[in-house]
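Spelled out from the first residue to the last, the chains are:
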Amino acid sequence: MISANLFAKLAACGSLLLLTACSTVYEGRYDFADGWREGTVAAVLSQEQLERQRVTRCKGPGIQTDDAWIVVRYVRSGHFTTFAVPAPRGRFSVEQKVYVNPGRDCADAIAQAN
């Protein structure tokens, strides 16, 4: 039989584990609960190149005609998926680690990881 003291310690450890597992915040500001995900730049494409791809794209303001499209590969619901975001040319490179938030407008849907 488990002693009351051991049971209390196990319960405290379990609660702490649960709390830390549910509060992932990348670099102190990109909260998983707000839709931010870790990703990797899979490709940097022009608007014309992107038109030939079957990739979900961000919506809303923030798209400039001279922007490159950054295709980010990230995990959603346990499976890899891709998402395209416009960004100034030269700011991102293939294989670069980034944070992406598919629920945000184009203007702030991607951030460089440090």
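For the structure given in this document, a descriptive report is provided here.

Conventions adopted
- Numbering of residues begins from 1 in every chain and follows the order in which that chain's sequence is written.
- Only residues with pLDDT of at least 70 are given local features in this predicted model, and only at 80 or more are side-chain atom pairs given and counted; all residues enter the totals for whole chains, interfaces and linings.
- Heavy atoms throughout the structure, all of them, feed into the side-chain values; hydrogens and water do not.
- Put simply, a nonpolar core is a bunch of buried Ala, Val, Leu, Ile, Met, Phe, Trp, Tyr and Cys residues held in one set by side-chain atoms that sit within 4.5 Å of each other.
- Only protein chains enter the calculation, and the probe is 1.4 Å; a residue is then buried if its accessible area is under 20% of its type maximum, exposed if over 50%, and partly exposed in between.
- Numbering of helices and strands runs from the N terminus; a helix is a DSSP stretch of H or I covering at least four residues, while a strand is a stretch of E covering at least two.
- Residue contacts are counted whenever heavy atoms from the two residues lie within 4.5 Å of one another.
- Two strands form a pair only when DSSP identifies at least two bridges running between them.
- Salt bridges are counted wherever a side-chain nitrogen of Lys or Arg sits within 4 Å of a carboxyl oxygen of Asp or Glu.

**Some details on the nonpolar core**
Thought 1: Counting residues in each nonpolar core, the largest one holds 20 residues, and the members touching the most others are Leu 50, Ile 70, Phe 83, Val 85, Phe 92 and Ile 110.
Thought 2: When contributions to this core are tallied by element, the ones reaching two or more residues are strand S3 (37-45), strand S5 (68-76), strand S6 (79-87) and strand S7 (97-100).
Thought 3: It is S5 that contributes the most residues to this core, five residues altogether.
Thought 4: The residues contacting Phe 83, other than those within four sequence positions of it, are Val 55, Thr 56, Arg 57, Cys 58, Ile 70, Val 71, Val 72, Tyr 74, Val 100, Pro 102 and Ala 109.
Thought 5: Counting five residues, the second largest nonpolar core, distinct from the first, contains Tyr 26, Tyr 30, Trp 36 and Ala 111.

**A short note on the pairing of S7**
Thought 1: Across four bridges, S3 lies against S7 in antiparallel orientation. Bridging from a neighbouring strand, Arg 37 pairs with Val 100 of S7.
Thought 2: As paired strands, S7 and strand S8 (residues 110-112) are joined by three bridges and run antiparallel to one another. For Val 100, the partnering residue across the bridge sits in S8 and is Ile 110.

**Some details on the sheet that holds S6**
Thought 1: Sheet architecture is open: six strands sit in the order S4-S6-S5-S3-S7-S8, paired in mixed fashion. Single-partner strands in this sheet number two, and they are strand S4 (56-57) and S8.

**Structural notes on the pattern of salt bridges**
Thought 1: Taken as a whole and assessed by the stated rule, the structure comprises three salt bridges.
Thought 2: Arg 52 serves as the salt-bridge partner of Glu 48, at 3.7 Å between the closest nitrogen and oxygen.
Thought 3: Of the charged contacts, one joins Arg 104 and Asp 108 as a salt bridge, the two residues approaching to 3.0 Å between their closest N and O atoms.
Thought 4: What makes Arg 104 partly exposed here is its relative accessible area of 32%.

In short, shape yes, function no, at least from these values alone.
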